[in-house]
Amino acid sequence: MWLDIMKMIFDFISKSDDMKAEKKLRISEVFQDISDLLEETVDDLRNDIYPHGKCMSMANLAENMTDLMKDYVEKDKLEKLTFMLKDACRLEKEFATRSNPGSILEIQTTAGMFNSFAIMYKII
């Protein structure tokens, strides 16, 4: 799921030549916020702390991101991304799989990818 989301976002980034610098900066900030939230979730899970409120925070960030991209992405692709992000927003469910090292690693890898996209989006 996370890898599919990242592929879609990378596709959007690579085709965003007509987007204004200010909009790219806002999207970059949202990417960084998502990365930070995912890292916080990883820390919680590793410390056996239930990630309270992370779902709602992720949902708000996902909505903000898709809203910022709506004028630059085909409607059907944006709907698919929105659906995938809403599914991914359920970070609290990851508490049940916290003992699975692959689960936490996947979230941490995704956080790193969002961080990379945040940096890339500032310079393209």
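See the structure printed just above.
In this text, all values refer to a predicted model and were calculated from it rather than measured experimentally.

Visitor: What should I look at first to understand the nonpolar core in this one?
Guide: The nonpolar side chains of a soluble globular protein tend to be buried, and buried together. Grouped together as the largest cluster of nonpolar side chains are 32 residues, with contacts concentrated most on Phe31 and Met65. Put simply, the parts of the chain that give this core at least two residues each are helix H1 (2-14), helix H2 (21-46), helix H3 (54-69), helix H4 (75-88) and helix H5 (101-123). No other element matches H2, which puts eight residues into this core. Discounting chain neighbours no more than four positions away, the residues touching methionine 65 are Ile9, Val30, Phe31, Ile34, Leu81, Leu85 and Phe114.

Visitor: Any chance you could explain the packing of H3 against H4 here in plain terms?
Guide: A pair of packed helices is captured by two measures, namely the crossing angle of their axes and the spacing between those axes. At a minimum axis distance of 10 Å, the contact between H3 and H4 shows a crossing angle of 170°. As the angle between them shows, H3 and H4 are arranged roughly antiparallel. On H4, the residues touching Ala62, Met65, Thr66 and Met69 of H3 are Leu78, Leu81, Thr82 and Leu85. For the contact of H3 with H4, the class distribution of residues is six nonpolar, two polar and no charged.

Visitor: I'm lost on the pattern of salt bridges in this one. Help?
Guide: Side-chain pairing between opposite charges can occur once the charged atoms of the two side chains come close. Inspection of every chain in the model, using the stated rule, returns six salt bridges. Where arginine 26 meets glutamate 29, a salt bridge forms, and the shortest distance between an N and an O atom there is 3.1 Å. Placement of the pair is arginine 26 and glutamate 29 together in helix H2, with a separation of three residues, close to one helical turn. With a relative accessible area of 34%, arginine 26 lands in the partly exposed category. In this structure, lysine 93 and glutamate 94 form a salt bridge, with 3.6 Å as the shortest nitrogen-oxygen distance. Overlapping salt bridges, with partners in common, bring together Glu40, Asp44 and Lys54 in one network.

Visitor: Could you clarify how one ought to interpret H4 in this entry?
Guide: An α-helical turn contains 3.6 residues, so any two residues separated by three or four positions project in the same direction. End to end, H4 covers 20 Å across 14 residues, agreeing with the expected 20 Å (1.5 Å per residue, within 8%). Restricting attention to buried positions, one finds in H4 the residues Leu78, Leu81, Met84, Leu85 and Ala88. One side of H4 holds all its buried residues, which, seen down the axis, span an arc of 125°. Exposed residues lying more than 90 degrees from the buried face of H4 are Lys75, Asp76, Lys80, Phe83 and Lys86.

Visitor: In this structure, what is going on with the packing of H2 against H3? I would like to understand it.
Guide: One can describe the packing of H2 onto H3 by two numbers: an axis separation of 10 Å at closest approach and a directional angle of 160°. Between H2 and H3, the interaxial angle falls into the category roughly antiparallel. In this structure, H2 meets H3 at a crossing whose hand is left-handed. Contacts from Lys23, Arg26, Ile27, Val30, Phe31, Asp33, Ile34, Leu37, Leu38, Glu40, Thr41 and Asp44 of H2 reach H3 at Lys54, Ser57, Met58, Leu61, Asn64, Met65, Leu68 and Met69. Tallied by class, the residues present in the contact of H2 with H3 amount to 11 nonpolar, three polar and six charged.

Quick notes on the rules
- Residues numbered from 1 in each chain as written.
- Predicted model: local features only at pLDDT ≥ 70, side-chain atom pairs only at ≥ 80, totals over all residues.
- Heavy atoms only, no water.
- Core = buried A, V, L, I, M, F, W, Y, C linked by side-chain atoms within 4.5 Å.
- Buried < 20%, exposed > 50% of the residue type's maximum accessible area, 1.4 Å probe, protein only.
- Helix = DSSP H or I, 4+ residues; strand = E, 2+ residues; numbered from the N terminus.
- Contact = heavy atoms within 4.5 Å.
- Axes fitted to C-alpha atoms, helices over the stretch in contact; angles between N-to-C directions.
- Parallel < 35°, antiparallel > 145°, perpendicular 65-115°, else oblique.
- Nonpolar A, V, L, I, M, F, W, Y, C, P; charged D, E, K, R; others polar.
- Salt bridge = Lys/Arg side-chain N within 4 Å of Asp/Glu carboxyl O.
- Expected span 1.5 Å × (residues − 1).
- Arc of directions from axis to C-beta.
- Left-handed = near helix turned anticlockwise from the far one by under 90°.

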